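# Reading the structure
Spelled out from the first residue to the last, the chains are:
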Amino acid sequence: MKKIIVPIDFSEHSEYALKTAATLAKKHDAEVLVLHMLEMSTVALTASDELLGQQAIFFMKLAEKKFKDFLDKDYLKGVNVTPIIKHFKVFSEVNDVAKENNVDIIVMGSHGSSGIQEMFIGSNTERVVRNSEIPVLIVKNNVVDVNFDVIVLATDLEEESIQSYINTRKMFQDVASKIYLVHVNLPNERFQSTTELEKKAVHFFTKADRSLNYLEDLRFVSDYTVDDGILHFSNKSKADLIVMPTHGRKGLAHFFQGSVGEDVVNHSTLPVLTIKME
């Protein structure tokens, strides 16, 4: 992890993300790119009219001043910080900035709390998750100690989930003492017997690792929804981080064959990392 990007809007939650990024940067000797997107109208940015042109310059300078003040924090001392201002109107552009700068991870603040309508529909976080080709770490609280020692990775044990499993293990192999893979067995048409699940698990690990060395890290959880199963197990295991694979531009709603994975992000008090499935 050499480069971290943090999109900010000067809110309390974006400062939570910035604090988290600063801690990660100190641990990994990484650079933090702090991105502010100045949401100005296309008219203001391209106007030939002198008045509109002056208005655009005024707002840009105002944003630069606010940006400078926002980055004047003690916890950023000793951190290599690069401020970036882009004149985009939507947060879906974050992925382009991340790719241009060879960023390893995006860290974002979010206020999601009680359901999909409150956070994901039309939210900046949702746009970033759907468009990002790199992992997105979503932070909702002031994380005092960014220590990802126990990690819960949601999995459906399908072959398309193998790469997200490999990427997660590679990303945290030097910092996590335990990475649990959690499969939630639902009481509906997708219910599977113990024998069926064990057979599926053997195929998954054989394909992913060419061994069964990590089979003991797999947990089968029975619950009414995937979200409840992941959250209940995360609380029980005292996890520090939840990892949710996504289908990128299709959104988290397509994860687990239609199960609403957004609720994990909305209802979890833990940081949630989304990783695009290959």
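### A word on the overall build of the chain
- A count of helical and extended segments in the chain gives 10 helices and 10 strands.
- Buried residues in the chain amount to 50% of all 278 residues.

### A closer look at the packing of aromatic side chains
- In total, this model carries 7 aromatic pairs according to the counting rule given.
- Linked through ring pairs, F10, F67 and F70 together constitute an aromatic cluster.
- Over the face of the ring belonging to F70 we find K73, whose NZ or CZ atom lies 4.5 Å from the ring centre.
- Of note, R169 hangs over the ring of Y214, and the distance from its end group to the ring centre comes to 3.6 Å.

### Describing the sheet that holds strand 1 (residues 3-8)
- Reading across the sheet, the 10 strands line up as 3-2-1-4-5-10-9-6-7-8 and stay open at both edges, with mixed pairing between neighbours. Strands with a single pairing partner mark the edges of an open sheet, and in this sheet they are strand 3 (80-86) and strand 8 (218-222). The mean angle between the axes of side-by-side strands here comes to 25°, regardless of whether they run parallel or antiparallel.
- Direction of pairing for strand 5 (residues 136-139) relative to strand 10 (residues 272-276): antiparallel, over a ladder of 3 bridges. In the strand pairing of strand 10, L137 is matched with L273.

### Section: helix 1 (residues 12-28)
- Over its 17 residues, helix 1 runs 25 Å from end to end, which matches the ideal 24 Å to within 8%, given 1.5 Å per residue.
- Listed in full, the buried residues belonging to helix 1 are S14, Y16, A17, L18, T20, A21, A22, L24 and A25.
- D29 lies just past helix 1 and shows a positive phi near 55°.

### Describing helix 7 (residues 162-172)
- Taken as a whole, helix 7 has its buried residues at I162, S164, Y165, T168, R169 and F172. Seen along its axis, helix 7 keeps its buried residues to an arc of 165°; they face one direction.
- Turning to helix 7, the residues buried within the fold contact strand 6 (150-154), strand 7 (178-185), helix 8 (194-209), strand 9 (241-246) and strand 10.

Calculation notes
Residues numbered from 1 in each chain as written. Predicted model: local features only at pLDDT ≥ 70, side-chain atom pairs only at ≥ 80, totals over all residues. Heavy atoms only, no water. Helix = DSSP H or I, 4+ residues; strand = E, 2+ residues; numbered from the N terminus. Buried < 20%, exposed > 50% of the residue type's maximum accessible area, 1.4 Å probe, protein only. Phe/Tyr/Trp six-rings, centres within 6.5 Å; stacked < 30°, edge-to-face > 60°. Lys NZ or Arg CZ within 6 Å of the ring centre and 35° of its normal. Pairing = 2+ DSSP bridges. Axes fitted to C-alpha atoms, helices over the stretch in contact; angles between N-to-C directions. Expected span 1.5 Å × (residues − 1). Arc of directions from axis to C-beta. Contact = heavy atoms within 4.5 Å.

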